[in-house]
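Read off the chains here:
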Amino acid sequence: AVEVTKALSELPVMVTGGWRTKVAMMDALQKGECKLIGLGRPLCGDPDCSKKLLDGSIDELPRYESTLSVGYWLFRPVMWLLPRSIKHLLQLGSVQAWYYKNMVQMALSGKTDLAFR
C-alpha cells in the first residue's frame, strides 16, 4: 500500500484484507499509507463491529475464520482417510460457505447466525 500510495499520490488508496486491530488501522491511516480501510469478513458475523471499533467497545475485529469448524462433523467418519490437502479444501470451502450463509441471512432478516455450524 505504501508504494502504491507514493506512485498514485493524486489518488486516495483504499486497502482491505486482514485488518483486525484498531491500532494497526489507525497507524496506517496516520502515516498516510492509505486513506481508507475496507472491512469484509468481520462484518459477515457482526455487522456492527466497525461501529464498535470506532466507539471503543472493542479494540480488535472478530477473526471468525480462525475459530470456525463448519462442516467438520459431516466428514468426521471419513476424515482420517482423506489426504491432508483434501481436508484443507473441505475446511476452506465450509468456512467460505459460513460467510456466504451469513450474508444471505443478513439480506433476508437483517441478522447474522453465529450458531450456524
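Residues numbered from 1 in each chain as written. Predicted model: local features only at pLDDT ≥ 70, side-chain atom pairs only at ≥ 80, totals over all residues. Heavy atoms only, no water.

Visitor: Please explain the nonpolar core as it appears in this structure.
Guide: Most often, soluble globular proteins keep nonpolar side chains buried together rather than apart. Counting 9 residues, the largest nonpolar core is built from Val 13, Val 15, Met 25, Ala 28, Cys 34, Ile 37, Cys 49, Leu 53 and Leu 61. If we ignore the near neighbours within four places in the chain, the residues touching Cys 49 are Pro 42, Leu 43, Ile 58, Leu 61 and Pro 62. Core analysis: the next-biggest nonpolar cluster, separate from the first, contains 6 residues, Tyr 64, Leu 68, Val 95 and Trp 98 among them. (Core = buried A, V, L, I, M, F, W, Y, C linked by side-chain atoms within 4.5 Å. Buried < 20%, exposed > 50% of the residue type's maximum accessible area, 1.4 Å probe, protein only. Contact = heavy atoms within 4.5 Å.)

Visitor: What should I look at first to understand the packing of aromatic side chains in this one?
Guide: How two aromatic rings sit relative to each other is set out by the distance from centre to centre and by the angle between their planes. Applying the stated criterion across every chain yields a total of 2 aromatic pairs. Between Tyr 64 and Trp 98, the aromatic rings sit 5.1 Å apart at their centres with planes inclined by 45 degrees, giving tilted as the arrangement. Of this pair, Tyr 64 sits in the loop between helix H4 (49-55) and helix H5 (72-79) while Trp 98 is found in helix H6 (residues 84-109), placing the two residues 34 residues apart along the sequence. Residue classification places Trp 98 among the buried residues on the basis of a relative accessible area of 0%. Centroid distance Trp 98 to Tyr 99: 5.1 Å. Interplanar angle 80 degrees. Geometry classified as edge-to-face. Like Trp 98, the residue Tyr 99 is buried in the burial classification. Feature note: the residues Tyr 64, Trp 98 and Tyr 99 constitute an aromatic cluster, connected by ring pairs. (Phe/Tyr/Trp six-rings, centres within 6.5 Å; stacked < 30°, edge-to-face > 60°. Helix = DSSP H or I, 4+ residues; strand = E, 2+ residues; numbered from the N terminus.)

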